[in-house]
Amino acid sequence: MKATMVIARRELRSYFNSPLAYVFIASLLLITAIFFYFLGGFYAMNRASMRSYFALFPAVLAVLVPALTMRLWAEERRQGSYELLITLPFTEAELAIGKHLAAWAVIATALAATLPVPLMVGALGRLDWGVVAAEYLGALLLGSAYAAVGQYLSSLTRNQMSAFMAGAAALLALGLVYQLAAWLDLPPWLAGIVNWLSLGYRFISFSRGVIDSRDLAYFALVSAAALYLTAKRLYFSAWS
Amino acid sequence: MIEVSGLSKSYGGFEAVKEVSFTVGDGRVIGLLGPNGAGKTTIMKVLTGYHRPSAGRAVVGGVDVAKDPLAVKRLVGYLPEGVPLYGDMTVTEYLSFIAEARGLTPGARAPAAAKAMEACGLGGMGPVLIEHLSKGYRQRVGLAQAILHDPPVLILDEPTTGLDPNQILEIRSLIRSLGGDKTVILSTHIMQEVEALCSEVLILNEGRIAAQGSARELSEAMQGGELIKAVILARGGGAAGGEPGAGAAATALGWADAEARPLGDGRSELSYRATAGRGDEEAERLFDWAAGSGAKLLELRRERISLEEIFVRLTSEEHTK
């Protein structure tokens with residue numbers, strides 16, 4: 001645990017020492033605000049709800065989170081610091097979890113920075129704060145799952161750009177595949193499978209204010225599985 | 001401290017190290033010498049727990065690298081080739097990260113970092129970003145992080161590459177001061193470095209050990225032992241059959257394969273390869289001959305075969321086979 005925090009702190013410092021964390025936070029605020037106010041028809045809706053705001057998150061985070069995670073391993077490998085890091089007395093799990101916590105903390109900071117949005121909406125009309133809390137919880141969990149998948153893809157390459165593109169593609173697919181079910185009018189059994197797999201679909205139920213333990217478990221499982229694969233990847237690269 | 005037996009390591013289909021065995025005693029400084037691609041770095045990567053062996057065993061401080069890499073990583077301080085550090089940290093930040101990573105207690109971190117910085121001549125560089133450091137200073141930071149937790153084993157991959165002559169001397173004297181207390185393995189392709197630092201040399205070629213021993217043992221083992229060179233002055237006055245120069249000396253002493261070369265003005269040069277262990281005796285005979293024949297020795301010197309020569313011979317012979 002202590003070792004994990006050593007990694008997390010170093011990684012976090014490196015996020016905030018570079019423009020990356022700030023660019024990430026600013027981009028998330030800007031993109032979601034633009035879509036929410038101008039394109040999403042917030043004022044036309046004439047109702048105090050954050051639902052259309054949070055509905056943007058599966059897509060927006062799918063593009064932004066890989067920008068955050070692409071460097072986690074690709075950069076270490078490219079500049080060679082990977083070798084020094086691996087020969088320090090950390091277990092593979094400590095490395096993967098430490099880096100995950102750092103990326104997740106940046107995402108959480110960015111989410112915290114969006115708080116003025118619901119506060120403003122709340123000032124304009126009656127907002128159900130319980131639902132808002134559930135939506136934030138959902139966004140945090142979605143962020144964790146995305147970050148873990150992004151980190152795994154970063155561990156597969158020494159090229160940040162390919163880590164980013166693979167990450168964005170994978171997360172857009174994972175996040176938005178449930179919309180395919182609606183568009184293509186898939187048979188119910190297939191739609192069920194697709195929805196079950198889609199992180200975005202799970203996220204929707206949070207924005208209804210429903211916290212389902214199965215959804216919690218699913219996000220936790222995806223995060224854990226991706227981190228496990230990352231740790232395995234680190235382990236096996238010693239044997240290659 | 002370090003035992004390697006039958007170690008092989010292949011990447012994909014390429015066998016970088018083939019059945020290498022050697023041991024390094026406590027407090028010894030051993031040099032890995034070899035052309036690029038000979039397997040030096042691979043051996044080091046196995047000993048640091050970065051790579052697992054494909055076959056054979058590597059044991060560091062009684063711990064099998066393949067079985068408990070984490071324990072080995074604790075015992076070893078490692079300076080990888082090229083010194084890959086985090087450029088976005090200052091020297092102090094970086095070393096305190098290393099101190100934390102090495103599990104030093106909060107109270108011990110700052111003193112350990114300060115001590116390592118002092119030993120590596122990094123005074124005053126604490127607040128500087130690593131990416132702004134010159135190559136020499138980066139190398140020192142790399143060394144400082146390797147010795148920070150006072151490890152019993154130091155593994156240094158080309159510790160002086162890219163440094164200027166003054167820096168090289170400083171780093172060498174630092175490494176020398178660490179030996180005795182620590183077991184050090186260093187790789188290099190600079191011969192003087194090995195002669196200056198290492199109690200033992202391992203010459204590698206194409207993944208195998210081509211020779212091992214102390215620099216002296218190697219040169220004695222490599223046939224020829226010593227080269228005796230003399231410049232002889234014999235002006236004018238020889239008895240019948242010419243001057244008592246180099247040629248006459250060779251004949252008189254029975255040095256059949258000696259080379260004699262006139263240098264003009266009555267001087268001539270003689271060079272003779274004495275068999276190992278007979279250098280003293282042959283040189284004495286030459287002196288006595290000169291005294292007896294009235295020739296004058298302007299110069300008499302003896303050369304051990306340099307490590308460089310051994311290296312070239314070992315590593316190029318293999319290629320032509």
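Residues numbered from 1 in each chain as written. Chains lettered and ligands numbered in written order. Predicted model: local features only at pLDDT ≥ 70, side-chain atom pairs only at ≥ 80, totals over all residues. Heavy atoms only, no water.

**What to know about the overall build of chain B**
When helices and strands are counted, chain B shows 11 helices and 14 strands. Compactness check: chain B gives a C-alpha radius of gyration of 26 Å against a globular reference of 20 Å for 321 residues, more than 25% above the reference. If you line up chain B on its principal axes, its C-alpha atoms span 85 × 45 × 30 Å. Counting only contacts in chain B whose residues sit at least 6 apart along the sequence, the fraction spanning at least 24 positions is 68%. Carbon together with sulfur atoms contributes 50% to the accessible area of chain B, which is approximately 14100 Å² in total. Separation of charge centres in chain B, based on 34 positive and 41 negative side chains, amounts to 2 Å. (Helix = DSSP H or I, 4+ residues; strand = E, 2+ residues; numbered from the N terminus. Rg over C-alpha atoms; globule rule 2.2 N^0.38 Å. Contact = heavy atoms within 4.5 Å. Areas by Shrake-Rupley, 256 points an atom, 1.4 Å probe, with all protein chains shown as cover. Lys, Arg positive; Asp, Glu negative; His and termini not counted. Charge placed at Lys NZ, Arg CZ, Asp CG, Glu CD.)

**A word on the packing of aromatic side chains**
We describe a pair of aromatic rings using the distance from one ring centre to the other and the angle between the two ring planes. All names here are of chain A. With the rule as written, the count across this model stands at 18 aromatic pairs over all chains. Look at Tyr-53 and Phe-57: their rings are 5.4 Å apart centre to centre, the planes differ by 65°, and that puts the pair in the edge-to-face class. In this structure Phe-57 comes out as buried when scored by relative accessible area, which is 0%. Both rings, one in Tyr-235 and one in Phe-236, keep their centres 5.2 Å apart while their planes meet at 75°; by these two values the pair is edge-to-face. (Phe/Tyr/Trp six-rings, centres within 6.5 Å; stacked < 30°, edge-to-face > 60°. Buried < 20%, exposed > 50% of the residue type's maximum accessible area, 1.4 Å probe, protein only.)

**So, the pairing of strand E4 (residues 55-60) of chain B**
Walk down a regular strand and you will see the side chains alternate between the two sheet faces. All names here are of chain B. The sheet contact formed by strand E1 (residues 2-11) and E4 spans five bridges and is antiparallel. In the sheet register, Ser-5 faces E4, and the bridge partner there is Arg-57. Both E4 and strand E5 (residues 63-64) contribute to a ladder of two bridges, which runs antiparallel. When the sheet's bridge partners are listed, Val-60 is paired in E5 with Val-63. Hairpin connection from E4 to E5: two residues lie between these consecutive antiparallel strands, with Gly-61 at a positive phi of about 55°. (Pairing = 2+ DSSP bridges.)

**Side note on the environment of Leu-174 of chain B**
Residue and element names in this part refer to chain B. Inspection of the secondary structure assignment puts Leu-174 in helix H6 (residues 165-178). Under the relative-accessibility criterion, Leu-174 is labelled buried at 9%. Residues Leu-174 and Glu-200, spaced 26 residues apart in sequence, show a C-alpha to C-alpha distance of 18 Å. The residues touching Leu-174, leaving out its near neighbours within four places in the chain, are Ala-119, Cys-120 and Leu-143.

**Quick notes on the sheet that holds strand E11 (residues 226-233) of chain B**
All names here are of chain B. What the four strands build is an open sheet, ordered E12-E13-E11-E14; its pairing is antiparallel. Looking at the sheet topology across the chains shown, the edges are occupied by strand E12 (259-264) and strand E14 (296-304). Within the sheet, the average angular offset between the axes of one strand and its neighbour, ignoring direction, is 15°. Bridge count for E11 against E14 is eight bridges, and the pairing is antiparallel. Across the sheet, the residue bridging to Ala-230 is Leu-300, located in E14. Packing against the sheet, helix H9 (residues 246-253) makes contact with E11, E12 and strand E13 (267-274), and its axis sits at approximately 35° to E13. Here helix H10 (residues 279-293) sits on the sheet and contacts E11, E13 and E14; the angle it forms with E14, its principal contact strand, is near 170°. (Axes fitted to C-alpha atoms, helices over the stretch in contact; angles between N-to-C directions.)

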